[in-house]
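# Observations on the model geometry
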Amino acid sequence: MKAINIIRDSANIGLGILSAAFGLKGFLLSSHFIDGGATGVSMLIFDITSIPISVLIFVINVPFLWIGYRKLGLWFAIKSTVAIALLALCLALVSFPDVTHDKLLTAVFGGVFIGTGSGLAMRGGAVLDGTEIAAVLVSKKTQLLKVSDFILLLNVLIFGVAASVLGVEPAMYSILTYMAAAKMIDFLLNGIEQYSGVTVISTKSDAIRRAITVTLGRGVTIYQGKSGYGKDGHVNDPRDIVFTVATRLEIPSLKQTILRIDPKAFIVQQSIDDTTGGLLKRKKLH
């Protein structure tokens, strides 16, 4: 299994490198559009100074790789260093056709290929852009910024500089590129079967539990709880709280089943980024 995992991770990282390089050289660089993060900073400096993009991508990511080594471990740092180095070599040595000069197509599909590359690399246990490492660490230290908040603030700064250097229109297209890339990363990491956690509070919890496990084939977890003051007037009345996880495609059927048993059931739904184990279908690589 270890050998299979290494082969699978290597394949994901390799395909990710090719996809990201194609997005950069086949779409963005010739149109002077940029992406977000360290890649965007590299592209912006390239437009200003003409220093080779392959050199900039590796050099700018070095501090993030060092942080990753200190905080996330040697194996992660090795895989990410190799991945970014290979991306730099691919940009320097491999020729890609300039696919289109249409600005909208360039922005969207450049972002799609870059996002696909980053997502595949993450599935292989590496990163092609080190700003995700910094974002995770900053969010842990400040407690005021989530990872997404830090990345958003950083990219606002990058695109603000791009607007003053490259012009407002290229900066706006670059934002579109970033949005397309972010959407592809989310799609590859979470897939179409994004999971939702469902908590059910009901006086008919046992019947609901049986319906979920037998009829829908899902696993459940039962919490011991007590009711507060509600419409039924019961206080500190013992309740079994049912928790289960389902894909968003299964949520309508799940809710219908619950409400058929108890129309007064209190249902709380929240999104879940990922799951491991339990009675869940294995996520496919979409």
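Residues numbered from 1 in each chain as written. Predicted model: local features only at pLDDT ≥ 70, side-chain atom pairs only at ≥ 80, totals over all residues. Heavy atoms only, no water.

### Here we look at helix α4 (residues 74–93)
- Compared with the 28 Å implied by 1.5 Å per residue over 20 residues, the 28 Å span of α4 between its first and last C-alpha is a close match.
- Buried residues of α4: F76, A77, K79, S80, A83, I84, L87, A88, C90 and L91, and no others. (Helix = DSSP H or I, 4+ residues; strand = E, 2+ residues; numbered from the N terminus. Expected span 1.5 Å × (residues − 1). Buried < 20%, exposed > 50% of the residue type's maximum accessible area, 1.4 Å probe, protein only.)

### Section: the UniProt feature "transmembrane region" (unreviewed entry) in the chain
- When the UniProt feature table is mapped onto this chain numbering, "transmembrane region" (unreviewed entry) sits at residues 12–34, 40–60, 72–96 and 150–176.
- The span residues 40–60 carries 86% helix and 0% strand; its end-to-end C-alpha distance comes to 10 Å.
- End C-alpha atoms of residues 72–96 are separated by 34 Å, and the span's content is 84% helix alongside 0% strand. (UniProt positions renumbered as here; feature names shortened; annotations may be inferred.)

### Quick look at helix α10 (residues 251–261)
- Listing the buried residues of α10 in full gives I251, L254, T257 and I258. For α10, the buried positions fall inside an angular range of 130 degrees around the axis, keeping them on one side. Across α10 from its buried face, at more than 90 degrees, point the exposed residues Q256 and R260.
- Those residues of α10 that are buried are in contact with β1 (195–201), α9 (205–215), β3 (238–247) and β4 (266–272). (Arc of directions from axis to C-beta. Contact = heavy atoms within 4.5 Å.)

### Overview of the packing of helix α1 (residues 2–31) against α4
- Two numbers describe how α1 lies on α4: the axes approach to 9 Å, and their chain directions differ by 40 degrees. Between α1 and α4 lies a crossing of right-handed hand. Contacts between α1 and α4 involve D9, I13, I17, L18, A20, A21, L24 and K25 from the first element and K79, A83, L86, L87, C90 and L91 from the second.
- Partitioning the contact of α1 with α4 into residue classes produces 11 nonpolar, no polar and 3 charged. (Axes fitted to C-alpha atoms, helices over the stretch in contact; angles between N-to-C directions. Left-handed = near helix turned anticlockwise from the far one by under 90°. Nonpolar A, V, L, I, M, F, W, Y, C, P; charged D, E, K, R; others polar.)

### Concerning the sheet that holds β4
- In spatial order, the strands read β2-β3-β1-β4; together these 4 strands make up an open sheet with antiparallel pairing. Looking at the sheet topology across the chains shown, the edges are occupied by β2 (220–226) and β4. Neighbouring strand axes in the sheet, compared pairwise and without regard to direction, differ in orientation by 25 degrees on average.
- Looking at chain direction, β1 and β4 are connected through 7 bridges and run antiparallel. Of the residues in β4, the one forming a bridge with V198 is Q269.
- Packed on one face of the sheet, α10 meets β1, β3 and β4 and runs near 160 degrees to β4. (Pairing = 2+ DSSP bridges.)

### Quick look at the packing of α9 against α10
- For the pair α9 and α10, the least separation of the axes is 10 Å and the interaxial angle reads 150 degrees. Between α9 and α10, the interaxial angle falls into the category roughly antiparallel. The handedness of the crossing between α9 and α10 is right-handed. Packed against α9, whose contacting residues are A207, I208, A211 and I212, the element α10 presents L254, T257, I258 and I261 at the interface. (Parallel < 35°, antiparallel > 145°, perpendicular 65-115°, else oblique.)

### Describing the packing of aromatic side chains
- Taken as a whole, this structure holds 8 aromatic pairs when the rule is applied.
- On the basis of an interplanar angle of 55 degrees and a centroid distance of 5.8 Å, the ring pair of F22 and F96 is categorised as tilted. Separated by 74 residues along the polypeptide, F22 in helix α1 and F96 in the loop between α4 and α5 (103–123) bring together distant segments of the chain.
- Note on F22 and F113: the rings are 4.8 Å apart at their centroids and 85 degrees apart in plane angle, and the pair reads as edge-to-face. Placement of F22 in helix α1 and of F113 in helix α5 is noted, with a sequence separation of 91 residues between them.
- With a relative accessible area of 27%, F113 lands in the partly exposed category.
- Here the aromatic cluster, defined as three or more aromatic residues joined through ring pairs, consists of F22, F27, F96 and F113. (Phe/Tyr/Trp six-rings, centres within 6.5 Å; stacked < 30°, edge-to-face > 60°.)

### Focus: the environment of L87
- Among the secondary structure elements, L87 is positioned in helix α4.
- Under the relative-accessibility criterion, L87 is labelled buried at 3%.
- Along the backbone, L87 and I57 are 30 residues apart, and their C-alpha atoms lie at a distance of 8.4 Å.
- Sequence-distant contacts of L87, defined by excluding residues within four places in its chain, comprise I17, A20, A21, I57 and L128.

### What to know about the side chain of N61
- Along the chain, the position of N61 falls in helix α3 (residues 53–72).
- Using a relative accessible area of 0% as the deciding quantity, one classes N61 as buried.
- Excluding residues that lie within four positions of it along the chain, N61 makes contacts with A38, I84, L128, D129 and G130.

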